[in-house]
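Summary of structural features
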Amino acid sequence: WAAPPPPPPPSRQDPRLLARVVELAFAGRCVGEIDRQLHLEGFLTSTGTPWPRSNDGRVVVRALLRAGVAPLPGGDARVARYVKELQEKGYGRAARGG
């Protein structure tokens, strides 16, 4: 018997960015599409730099799992692997489809 992992730490991202990530996921966008849209809309990272044009999807995956939304990998094996790793760490225990 193993104890469940501790809850994930709170997000450092802007709440408006987090809301937009969830909104895009519910519109059926995959993680890569959400990353590109955040760049196009001029969002900033948690350090205040412009959202990169191409990203590995980790921030988006974490945000979606924290919100209880299942990320759509969009055929990206790296994203699918990251989703699995985070779920094993306790993120998104009750993730629902986007």
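Residues numbered from 1 in each chain as written. Predicted model: local features only at pLDDT ≥ 70, side-chain atom pairs only at ≥ 80, totals over all residues. Heavy atoms only, no water.

Section: the pattern of salt bridges
The final tally for this structure, using the stated rule, is five salt bridges. Measuring nitrogen to oxygen at the nearest pair gives 3.2 Å for the salt bridge that ties Arg 58 to Asp 56. Here Asp 56 falls in the partly exposed class, since its relative accessible area comes to 35%. Note that Arg 78 is salt-bridged to Asp 76, the shortest N-O span being 3.3 Å. Look at Arg 78 and you get partly exposed, because its relative accessible area is 47%. Residue Asp 76 is classed as partly exposed on the basis of its relative accessible area, which comes to 24%. Several salt bridges share partner residues, and in doing so they unite Arg 20, Glu 23 and Glu 41 into one network. (Salt bridge = Lys/Arg side-chain N within 4 Å of Asp/Glu carboxyl O. Buried < 20%, exposed > 50% of the residue type's maximum accessible area, 1.4 Å probe, protein only.)

Considerations on helix α2 (residues 31-40)
Here α2 has its buried residues at Val 31, Ile 34, Asp 35, Gln 37 and Leu 38. Viewed along the axis of α2, the buried residues span an arc of 165°, placing them on a single side of the element. Against the buried residues of α2 lie α1 (15-26), α3 (58-66) and α4 (77-88). At the exit of α2 stands Gly 42, carrying a positive phi of roughly 80°. (Helix = DSSP H or I, 4+ residues; strand = E, 2+ residues; numbered from the N terminus. Arc of directions from axis to C-beta. Contact = heavy atoms within 4.5 Å.)

Concerning the packing of α3 against α4
Think of two packed helices as two axes; the pair is described by the angle between the axes and how far apart they sit. α4 packs onto α3 with a crossing angle of 45° between their chain directions and a minimal axis gap of 10 Å. Relative to α4, α3 is oriented oblique. Here α3 runs over α4; the crossing is right-handed. In contact with Arg 58, Val 61, Arg 62 and Leu 65 of α3, α4 contributes Val 79, Tyr 82, Val 83, Leu 86 and Gln 87. Residues belonging to the contact of α3 with α4 are distributed by class as follows: six nonpolar, one polar and two charged. (Axes fitted to C-alpha atoms, helices over the stretch in contact; angles between N-to-C directions. Parallel < 35°, antiparallel > 145°, perpendicular 65-115°, else oblique. Left-handed = near helix turned anticlockwise from the far one by under 90°. Nonpolar A, V, L, I, M, F, W, Y, C, P; charged D, E, K, R; others polar.)

Points about the packing of α1 against α2
Where α1 meets α2, the closest approach of the two axes is 10 Å, and the angle between their N-to-C directions is 135°. Considering the angle they form, α1 stands oblique to α2. Like other packed secondary-structure pairs, α1 and α2 cross with a definite hand, here right-handed. Across the interface between the two elements, Leu 17, Arg 20, Val 21, Leu 24 and Ala 25 of α1 pack against Ile 34, Gln 37 and Leu 38 of α2. Residue composition of the contact of α1 with α2, by class: six nonpolar, one polar and one charged.

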